[in-house]
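Each chain, letter by letter, is given below.
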Amino acid sequence: MSKSVVTRFAPSPTGFLHIGGARTALFNWVFAQKMGGKMLLRIEDTDRERSTDAAVTAILDGMTWLGLTWDGEPISQFARADRHAEIAHELLAQGKAYKCYSTPEELTEMRERARAEGRPPRYDGRWRDRDPSEALAGLKPVIRIKAPQSGEIVVKDHVQGDVVFRAENLDDFIILRSDGTPTYMHAVVVDDHDMGVTHIIRGDDHLTNAARQIVIYQAMGWDVPEMAHIPLIHGSDGAKLSKRHGAIGIEAYRQMGYLPEALRNYLARLGWAHGDDEIFSTDQMVDWFSLEALNKGASRFDFVKLDNLNGHYIRSADPARLYDVMVETASETGRNSDYAGLVANKQTILSAIPELQPRAKTVLELIDLAQFIYAARPLPMDEKAALLLDADAAAHLSKLVDIFEALNDWTVEALDGAVRSYAESVELKLGKIAQPLRAALTGRTISPGIFEVMTLIGREESLGRIRDVVAPNR
RNA sequence: GCGCCCUUCGUCUAGCGGUCAGGACGCCGCCCUCUCACGGCGGUAACACGGGUUCGAUUCCCGUAGGGCGCACCA
């Protein structure tokens, strides 16, 4: 019986949860679910300059919205600094690490000279075997680990396969800074070990770091966790995502009207596949997932495809839930008049949503499509709608007002029948009558079925809107 | 510069020596139809290049080109 799986998601709180981080979190979560294990959350906040509480909140909120749960309390890496230092000193005591008294200026010069001579910019190990007594008085040392000087380090990766690094390419890197704080490379290893992490799933920008981290694991005699370095996500133009290039926070996707299940499905298909399956539930994702099925190549983020998937999930969503999401989204994005209209017309909106669902790809579009319900008379006409309402159209609409007033039932069937027979009586195709009617009733040329619109807004409102365009001054 | 990783339709991908190279999104056409969607049907489009290995390479190996990541007392 192998020990149960523990994964972790370890964001640094220097900004929002971006799309790449969200996918990393998703894969960690899905894998833990599948294996019946746990996913822990560790906030890598050792960079005190750039870490903020607001970012931590944004990340946790983003994960919660996406439906990614973690086990236990989030762990602060910064809070564990003493433990990191303890291990660094243990390594020192064992002679597997040493104090280095090189100054930053000295290191800069070392790198520049190496670069000038065409050598890799690495620390040359000058303090590896030097006696501390040779150091300048008052200088605070850093602690460097003794990396192997020959042989190779193999990262056994579930995605990338065995990746071999020659020891010559690894230098004696710093594990504890001169102020006694740990470096990222060191803190990660100590934390992953202490947290009992069995599987490290992270972006492949960490692949070369993995070799360095293995040096620490080996020095401590610790088991190296299983690793899976997943490919990165690029922007739609193939360029790396950056702050000014599409790397927006997960909350921005919510504000753009995407549903979390759509995003989960989309993200899962970026770099991972289960045969030809495109649309699948989160349960299926968990059921089908395997690290070996992850791709190695980076993929591009494609909003068009996300839109398509989101449309699918909007179509299959429960109207009551969609209503809530519409209200939240309107509120959150400052669409105040929409918010007021949605809240004031809850019942009508609720019954209209099934008509709206097949027509929207995002919640924002859903809101837009619902506007005809709460638009105030006289309705604003968009350009195409205004063009439809010429004198001919007004004449027909005027007749229709009479017909509608005489109608006993205000139902889709009754209205449909009435308008059809009118169109027949004047020898016009239904569309010739329906389009001006649509313009008058919605102010637009596109809308749900026009008879559905009429039943939704009701007889009085319908007649009022038609009269507004037939006799604007009355 | 050094190290490592990657490369199938425009995009996401299936493929794991022998396939008419499959699916999805997009796009185009047709159908449905009161508009727009939805839905249905059909179509367009790819193995980066050059060498090997093999009876046979999209698939295995080596180069080339292109892309990415890393090389801090950042994470």
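Quick caveat, the model's predicted, so the values are computed rather than measured.

About the criteria used
- Residues numbered from 1 in each chain as written.
- Chains lettered and ligands numbered in written order.
- Predicted model: local features only at pLDDT ≥ 70, side-chain atom pairs only at ≥ 80, totals over all residues.
- Heavy atoms only, no water.
- Near = heavy atom within 4 Å.
- Polar contact = N/O pair within 3.5 Å; in protein donor to acceptor, adjacent residues only side chain to side chain.
- Helix = DSSP H or I, 4+ residues; strand = E, 2+ residues; numbered from the N terminus.
- Phe/Tyr/Trp six-rings, centres within 6.5 Å; stacked < 30°, edge-to-face > 60°.
- Buried < 20%, exposed > 50% of the residue type's maximum accessible area, 1.4 Å probe, protein only.
- Expected span 1.5 Å × (residues − 1).
- Contact = heavy atoms within 4.5 Å.
- Domains from an automatic or database assignment.
- Buried area = accessible area lost by both parts, 1.4 Å probe.
- Salt bridge = Lys/Arg side-chain N within 4 Å of Asp/Glu carboxyl O.
- Core = buried A, V, L, I, M, F, W, Y, C linked by side-chain atoms within 4.5 Å.
- Pairing = 2+ DSSP bridges.
- Axes fitted to C-alpha atoms, helices over the stretch in contact; angles between N-to-C directions.

A. Just the protein's contact with RNA strand B, in detail. The local shell around RNA strand B holds 68 residues, among which Arg 177, Lys 240, Gly 271, Pro 358 and Arg 438 are the closest. The side chain of Glu 278 places a nitrogen or oxygen atom 2.5 Å from a base nitrogen of RNA strand B. Elements represented by at least two residues in the surface near RNA strand B include exactly helix H4 (104–116), strand E7 (161–166), helix H5 (184–194), helix H6 (207–220), strand E12 (299–300), helix H10 (303–315), helix H18 (430–442) and helix H19 (450–457). Ranked by the residues each element gives to the surface near RNA strand B, the list is headed by H18, at five residues.

B. Layout of the packing of aromatic side chains. For the structure on display, the rule yields twelve aromatic pairs. With 5.9 Å between their ring centres and 90° between their planes, Trp 272 and Phe 280 make a pair best called edge-to-face. The buried category is assigned to Phe 280, whose relative accessible area is 2%. For the pair Phe 280 and Trp 288, a centre-to-centre distance of 5.7 Å together with 70° between the ring planes defines the contact as edge-to-face. What links up through ring pairs into an aromatic cluster is the set Phe 27, Phe 31, Trp 272, Phe 280, Trp 288 and Phe 289.

C. Helix H2 (residues 53–66), seen in detail. With 14 residues, H2 should cover 20 Å at 1.5 Å per step; its first-to-last C-alpha distance of 20 Å lies within 8% of that length. Considered for burial, the residues of H2 that qualify are Ala 55, Ile 59, Leu 60, Gly 62, Met 63, Trp 65 and Leu 66. The inward-facing, buried residues of H2 contact strand E1 (6–9), helix H1 (19–35), strand E2 (38–43), helix H7 (250–255) and helix H8 (260–268). In the stretch just after H2, Gly 67 is the one whose phi turns positive, near 85°.

D. Representation of the domain arrangement of chain A within the structure. Partitioning chain A into structural domains gives domain 1 (79–230), domain 2 (250–366) and domain 3 (383–473). Computed from C-alpha atoms alone, the centre-to-centre distance between domain 1 and domain 2 is 43 Å. Both sides of the domain 1 and domain 2 interface together cover about 560 Å² of buried area, and 59% of this is carbon and sulfur. Summed over the shared surface of domain 1 and domain 2, the number is zero salt bridges.

E. Highlighting the nonpolar core. Counting residues in hydrophobic clusters, the biggest one holds 95 residues, and the most contacted among them are Phe 404 and Leu 437. At nine residues, the largest contribution of residues to this core is made by H1. When neighbours within four sequence positions are excluded, Phe 404 is seen to be in contact with Trp 410, Leu 415, Val 419, Leu 437, Met 454, Arg 459, Leu 463 and Ile 466. If you look at the next biggest cluster of nonpolar residues, it comprises 35 residues, including Ala 97, Met 195, Ile 200 and Ile 214.

F. Spatial organisation of the environment of Ile 87. Along the chain, the position of Ile 87 falls in helix H3 (residues 81–93). Given a relative accessible area of 1%, Ile 87 falls into the buried group. Ile 87 sits 368 residues away from Thr 455 along the chain, and the two C-alpha atoms are 73 Å apart. Contacts of Ile 87, omitting those with residues within four sequence positions, involve His 186, Val 190, Met 220 and Trp 222.

G. Unusual backbone geometry, seen in detail. With an omega of -10°, the peptide bond between Arg 377 and Pro 378 qualifies as cis. Tracing the backbone through its elements, the reader meets Pro 378 in the loop between helix H14 (363–374) and helix H15 (383–388). The phi torsion at Glu 427 lies on the positive side, around 55°, for a residue other than glycine.

H. Looking closely at the sheet that holds strand E8 (residues 174–176). Across the sheet, three strands lie side by side as E4-E5-E8; this open sheet has antiparallel pairing. Every other strand in the sheet has two partners, leaving strand E4 (97–100) and E8 as the edge strands with one partner each. Mean inter-strand twist for the sheet, computed between neighbouring axes without regard to direction, equals 45°. With four bridges joining them, E4 and strand E5 (residues 142–145) adopt antiparallel strand pairing. Paired with Tyr 98 across the strands is Arg 144, a residue of E5.

I. Local environment of the environment of Arg 115. Relative to the assigned elements, Arg 115 resides in helix H4. Along the sequence, Arg 115 and Asn 408 sit 293 residues apart, while their C-alpha atoms lie 89 Å from each other.

J. Here's a closer look at the pairing of strand E6 (residues 152–157). Residues of E6 alternate between two faces, with Ile 153, Val 155 and Asp 157 buried on one and Glu 152, Val 154 and Lys 156 left unburied on the opposite face. As judged from the six bridges shared by E6 and E7, these two strands associate in the antiparallel manner. Paired with Glu 152 across the bridge in E7 is Arg 166. A loop of three residues connects E6 with E7, the two strands running antiparallel in sequence.

K. Looking closely at the side chain of His 199. Looking at the secondary structure, you find His 199 in strand E9 (residues 199–203). His 199 has contacts with Val 5, Val 6, Thr 7, Arg 8, Asn 28, Phe 31, Pro 225, Glu 226 and Leu 291, leaving out every residue within four places of it along the chain.

L. Quick peek at H1. In a regular helix each residue adds 1.5 Å, so 17 residues correspond to 24 Å; H1 covers 24 Å between its end C-alpha atoms and thus fits that length. The buried fraction of H1 amounts to 14 of the 17 residues, a majority that puts the element mostly inside the structure. Two residues or fewer after H1 comes Gly 36, characterised by a positive phi angle close to 70°.

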